[in-house]
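# Coordinate inspection notes
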Amino acid sequence: MAPRMDDIMRLCCDISANQQVKVAVQHATRAAIVAGGTVFVGGILAGPAGIAVGGAVGGLLGAWLTSGQFKPLPQILMELPPNQQQKLYSDIMAVLGNLDWTDMAQLAALVMGNAKLKQQVTAALLSYITKELSAEVRYGD
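Residues numbered from 1 in each chain as written. Predicted model: local features only at pLDDT ≥ 70, side-chain atom pairs only at ≥ 80, totals over all residues. Heavy atoms only, no water.

## Re the packing of aromatic side chains
Rule in force here: The criterion for an aromatic pair is that two Phe, Tyr or Trp rings (for Trp, the six-membered ring) have centres within 6.5 Å, with stacked assigned to planes under 30 degrees apart, edge-to-face to planes over 60 apart and tilted to the rest. For a Lys NZ or an Arg CZ to count as sitting over a ring, it must be within 6 Å of the ring centre and within 35 degrees of the ring normal.
Applying the stated criterion across every chain yields a total of zero aromatic pairs. The ring centre of Trp101 lies 3.8 Å from the NZ or CZ of Arg4, which sits over that ring.

Following this line, the structure appears as structure tokens:
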């Protein structure tokens, strides 16, 4: 990985770790299929009461399928394939503009020391995560 891209990836990891950001790549489609399937089967087998029971059971199964899917954002970022890392790099560099740095320590000091810049980098990172990865974001534990 190129040094500048590596610096940006490490900066994103530092910012997200500092804010305890966790993300889950959504499995909503699978949960919706399970919920819809149980409603359908309940309706076929027991009519209107079966629809109610199927909806409750399907909702619980869907929630169970998607629970525990949250991972720390730094882990997700380090697992990104190179083409996605390049896209994130481009998004962050659009925020940083022509900011010049020599190493990761200087980049971190420049960004973390400027509240507005840090907020803009964080916003770009979260925008990338939600739009490009279709992930749900959660803060803290």
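From this point on, the discussion continues.
## Topic: the nonpolar core
For clarity, the threshold we go by: Nonpolar cores were defined as sets of buried Ala, Val, Leu, Ile, Met, Phe, Trp, Tyr and Cys residues, with membership established by side-chain atoms within 4.5 Å. For each residue, the accessible area found with a 1.4 Å probe, counting protein chains only, is set against the maximum for its type, and the residue is called buried under 20%, exposed over 50%, and partly exposed in between. Counting from the N terminus, the helices are DSSP H or I runs at least four residues long and the strands are E runs at least two residues long. Residue contacts follow a heavy-atom distance rule, with two residues in contact if any of their heavy atoms lie within 4.5 Å.
Core analysis: the biggest nonpolar cluster contains 32 residues, and Ile8, Leu77, Leu88, Ile92, Leu96 and Ile129 have the highest contact counts within it. Elements represented by at least two residues in this core include exactly α1 (3-18), β1 (21-25), α3 (73-78), α4 (82-96), α5 (104-112) and α6 (115-132). Excluding anything up to four places from it in sequence, Ile8 contacts Tyr89, Ile92, Met93, Leu96, Trp101 and Leu107.

## Here we look at a nonpolar patch on the surface
Formally: Patches here: salt-bridge-free residues with over 30% relative accessible area, like charges joined within 9 Å, nonpolar side chains (Val, Leu, Ile, Met, Phe, Trp, Tyr) joined within 5 Å. To be clear on the numbers: accessible area is Shrake-Rupley with a 1.4 Å probe, and residue cover counts the displayed protein chains and nothing else. Salt bridge, as used here: a side-chain nitrogen of Lys or Arg that lies within 4 Å of a carboxyl oxygen of Asp or Glu.
Residues Phe40, Val41, Ile44 and Leu45 make up a contiguous nonpolar surface patch of about 470 Å² in total accessible area. Its place among the elements puts Leu45 in helix α2 (residues 28-66).

## Topic: the side chain of Thr122
Within the fold, Thr122 resides in helix α6. Judged by its relative accessible area of 10%, Thr122 falls in the buried class. Excluding anything up to four places from it in sequence, Thr122 contacts Ile15 and Gln19.

## Some remarks on α6
In plain terms, the rule: Working rule for helices: expected span equals 1.5 Å times residues minus one. Identification of polar contacts relies on pairs of N or O atoms within 3.5 Å, with a donor-acceptor requirement for protein atoms, meaning one able to donate a hydrogen and the other able to accept it, and with residues adjacent in sequence counted only if both atoms are side-chain atoms.
Here α6 contains 18 residues, and its C-alpha end-to-end distance of 25 Å stays within 8% of the 26 Å for a straight helix at 1.5 Å per residue. Of all the positions in α6, only Leu117, Val121, Thr122, Ala124, Leu125, Leu126, Tyr128 and Ile129 are classed as buried. The opening residue of α6, the one whose side-chain oxygen lies 3.1 Å from the backbone nitrogen of Lys116, is Asn114. Immediately downstream of α6, the backbone of Ser134 shows phi near 50°, a positive value.

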